[in-house]
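Residues per chain, in single letters:
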Amino acid sequence: MKAAAGEPVLHDEAAWDALPGMVVMLDARGALRHANAAFTRFAGRDLDGLLGTLWQDLVGTEALAHLLQALDGGAEFALQLPMRCAPAAARPDGWVEWAGRWQAIAGHWLCLLHDISAGKAAEGEARAQAALFRLLADNVPVLIAYYRASDFTCGFANKAYARTFGTDEQAILGRTFAEVIGQAAAEQIQPSVDLVLRRQQAASYERQLAQPDGSPRWIEVNLLPHVGDAGTTVGCFVLISDITKHRLAERAVRASEERLDKFMQASAEGIVFHQDGLITDANPALCALTGYRLDELLGRPTLEFVAPEQIAKVTAMVANADETPYESVLIGKSGERIAVEFIGRTLVHQGQSVRMSIVRDIRDRQAAQARIHHLAHHDALTGLPNRMAFMEQLGHEMAAADAGGARLALLFIDLDHFKRVNDSLGHLVGDTLLRTVSERILGCLRATDRVARFGGDEFMVLLLGIGSPEQQRADVDEVARKLLTAIEAPLIAEGRPITVTPSIGVAFYPDDARSPDELVQHADNAMYQAKARGRAHHRFFDPDMADTAYAALVLEGQLAHALERGEFELYFQPQQRARDGTLAGAEALLRWNHPERGLLMPDEFIPVAERQRLMLPIGQWALREAARCVSSWQAQGLAVAPVAVNLSTVQFQSVGFVEVVAQVLKDEGGHVAGAGLLELELTERMLMDDLEEVKHRLERLKAMGLGIAVDDFGTGYSSLGHLKELPIDKIKIDRSFVHDLPENRDSAAITRAIIQLGLNLGLTVIAEGVETEAQRAFLADHGCDQLQGMLIGPALPAQAFEAFARERRAAERQR
């Protein structure tokens, strides 16, 4: 290469190019005078394309300024500059380290260039990785630190670690771990530190930190040794996890288990824990229930104590983790069968998932249910099936007769002049007579025949499998005569003989009827025919019995005109508070002053009125009359309230009934309802049909200020679910339960249960049919709120009751 004018000539070009690395020659202004082959390769150009200032486009403006400043600053310099490569260079842009020395004799800068791109890239990667590590360390849910083994000073800490100990990640550096965590804590963990430093083993421990607000904080610390290449411990990594949640959860679980254990020991109901089908724990109540000691139960299969026929059901409930209560049977140690209710729950006990079963002894409940079911289907006085049960049974027997081609005979028995016995000798003698009659009827029949008390002084006898049509009358005639003779035999009551005679009507199936109601109606017609013939007789149903039908029509016609003629009258029977004997209200009772038959009780005309839908106007009159009376008494200051009015099923279910009641109250001045002076009594059966509609009607009546009472409670089918859903104020214990108090255990138990039920539901409880002081005392002692019956006072006409109430109020004021 030829030198320019005034430039020295390089005598050994080959030696220049053989120099290790890149070499350039620059003048004082940065112009390139010469460069070796290594530089031209780096630049990707030949030398001619670099001479002078042509090469300067390889550096940016800022880098060139730094270079020119260095060239102007002294005898030598060292710089690191970014440099671009021409497109022809088979390499990316990078960094170059410059080392230059001024050649004073030659008058130029001789510069050695070293490509440091790889180092710069590695340095950048290291910084990126360090930043990434810092980002990661500051965002993981763990406290991280590093302490040097030589002086126990901190060489690294993430943000969470530093803040936990009241500093930041820069200020903590260089501080000893004793300065960071405190001298007391440092001494406490020194054994773990020694384990790491001396034995080069990882160590872990837990400790509790006090929070500024005083709440506890638990941490788990892991110490990991950092062993150098020489095999010595050079440092220690510290990893800390906040385990407060876990410790609080464990504390809660322990507290829960402690409460559960206390509950188990104190519970009156059996509790058993079982896992994988084996008993793991049980409380004293379960041991007492089964007769086993706890050590005799532990480890044994639960199914070993379940009655064989119940095993499949229990297995399915446990396998499905079903928590629905269900009934089952256990076998006790003595071999007795124990009716129980299981309530299963899956829970954590002593750190493990186990099955807990509450075992409830339901023998008393089942006995009470059976008793209630029996009472619902049987007459409380005689123990015979009642009307409802008999009608169901009659339907089944008629269907069986149809299927087998058999024949039935129904005998309708009514006692003649039984009312005179009650009126003259009292209900106690009348009840004794009814029980005796029922026993005598049973004594005349086969075990396969059916007997029921149909109501009042009426009995039903169903003879099964009677003879052919030709023989059936003779067979039944013989049975009827035996019944007549047995029933009319004298009974000694109060030291003197009493005799009642029966009238018996007979109807055959399938000859005389096609349905149970029709068969009963025809036997009833035959019975009235027997009464018409002088009583103490029996008669077979005759389709041509027009007289009986005519009598019914006459009664219906007389009922239709009774309102117009003002023949109905309300009697009022007082109700008093059990605790102090004060007057608490009254019940309005309907009577019919029949122009020919005298004063008729409701059971003598209400059934006819209901069949002919005459109860609607009669019931409306009774409600209006009761409202008028109680309003008058209230105005006089007698305060006889509330007055209860009985509703019939037909009346309550009739369309527009609520509107009729509203109109009656409006006509009486509107203040009767708001003052709570009236109370409506419904039977349990009336509450059973269409619960939502019944609830809606009762709520509307309640909104008018009327009280709602359930009459004859305990004799129907109402469920507790119905009761709590309906807006009821009062329940009335039926007289059939009160009658046998306090001697009869069943009646006493049911009465107590009804009273307790009422108290629990916030309802007033009243008992009807109270006739003896013993009954009154029993009811009062067990929390019955109110009493009604002959002991309290008889039913009286309105004027007589007003005088009675006035006298009672005066006596109460003097007390």
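Calculation rules
- Residues numbered from 1 in each chain as written.
- Predicted model: local features only at pLDDT ≥ 70, side-chain atom pairs only at ≥ 80, totals over all residues.
- Heavy atoms only, no water.
- Buried < 20%, exposed > 50% of the residue type's maximum accessible area, 1.4 Å probe, protein only.
- Helix = DSSP H or I, 4+ residues; strand = E, 2+ residues; numbered from the N terminus.
- Pairing = 2+ DSSP bridges.
- Axes fitted to C-alpha atoms, helices over the stretch in contact; angles between N-to-C directions.
- Contact = heavy atoms within 4.5 Å.
- Core = buried A, V, L, I, M, F, W, Y, C linked by side-chain atoms within 4.5 Å.
- Phe/Tyr/Trp six-rings, centres within 6.5 Å; stacked < 30°, edge-to-face > 60°.
- Lys NZ or Arg CZ within 6 Å of the ring centre and 35° of its normal.
- Salt bridge = Lys/Arg side-chain N within 4 Å of Asp/Glu carboxyl O.

(A) Focus on the pairing of strand 1 (residues 22-26). Taking burial as the measure, the five residues of strand 1 include five buried ones, the bulk of the element. Side chains Met22, Val24 and Leu26 project from strand 1 onto one buried face, and the interleaved Val23 and Met25 project onto a second face that is buried too. Note that strand 1 and strand 5 (residues 108-115) share five bridges and pair antiparallel. Bridged to leucine 26 within strand 5 is tryptophan 109.

(B) Representation of the sheet that holds strand 7 (residues 154-157) within the structure. In spatial order, the strands read 7-6-10-9-8; together these five strands make up an open sheet with antiparallel pairing. If you trace the sheet from one side to the other, it starts and ends with strand 7 and strand 8 (203-210), each paired once. Averaged over all adjacent pairs, the angle separating strand axes in this sheet is 25°, with direction ignored. For strand 8 and strand 9 (residues 216-227), the ladder comprises eight bridges, and the chain directions are antiparallel. What sits directly across from glutamine 208, in strand 9, is tryptophan 218. Of the strands in this sheet, strand 8, strand 9 and strand 10 (233-242) are in contact with helix 7 (residues 183-199), which crosses strand 8 at around 165°.

(C) A look at the sheet that holds strand 21 (residues 502-509). One open sheet accounts for five strands, arranged 17-18-16-21-22; its pairing is mixed. Bordering the open sheet on either side are strand 17 (450-455) and strand 22 (538-540), each of which pairs with just one other strand. Each adjacent strand pair in this sheet contributes to an overall mean axis angle of 20°, direction not counted. Across five bridges, the pairing between strand 17 and strand 18 (residues 458-464) is antiparallel. In the strand pairing of strand 18, glycine 455 is matched with glutamate 458. In the packing of helix 15 (residues 427-443) onto the sheet, contacts are made with strand 16 (408-415), strand 17 and strand 18, and the angle to strand 18 comes to roughly 10°. Sitting on the sheet, helix 16 (residues 469-487) touches strand 16, strand 18, strand 21 and strand 22, and the angle it makes with strand 21 is about 155°.

(D) Broad picture of the nonpolar core. Ranked by size, the top nonpolar core spans 78 residues in total, and within it Leu678, Leu701 and Leu779 carry the most contacts. Considering each element in turn, this core owes the most residues, nine residues, to helix 20 (residues 615-635). Core analysis: the next-biggest nonpolar cluster, separate from the first, contains 36 residues, Leu384, Leu425, Leu433 and Cys444 among them.

(E) Structural detail: the packing of aromatic side chains. Within the structure shown, the criterion is met by 22 aromatic pairs. Judged by centre distance (5.9 Å) and plane angle (35°), the ring pair of phenylalanine 568 and tryptophan 592 falls under tilted. In this pair, phenylalanine 568 is assigned in strand 23 (residues 568-577) and tryptophan 592 in strand 24 (residues 583-594), connecting sequence segments 24 residues apart. Here a set of aromatic residues connected by ring pairs shows up, and it is made of Tyr147, Phe152, Tyr161, Phe165 and Phe177. One Lys or Arg, arginine 387, reaches over the ring of phenylalanine 454 and ends 4.0 Å from the middle of that ring. When the ring centre of phenylalanine 652 is taken as origin, the NZ or CZ atom of arginine 697, which lies over that ring, is 5.8 Å away.

(F) Inspection of the pattern of salt bridges at higher detail. Scanning the model with the defined rule gives 36 salt bridges in all. One salt bridge connects arginine 345 with glutamate 323, and the closest N-O pair in it is separated by 3.8 Å. Of this pair, arginine 345 sits in strand 14 (residues 337-349) while glutamate 323 sits in the loop between helix 11 (311-319) and strand 13 (326-331), and the two are 22 residues apart along the sequence. Among the residues examined, arginine 345 registers a relative accessible area of 31% and is labelled partly exposed. Between arginine 700 and glutamate 659 there is a salt bridge, with its nearest N and O atoms 2.7 Å apart. Of this pair, arginine 700 sits in helix 24 (residues 691-703) while glutamate 659 sits in helix 22 (residues 657-667), placing them 41 residues apart in sequence.

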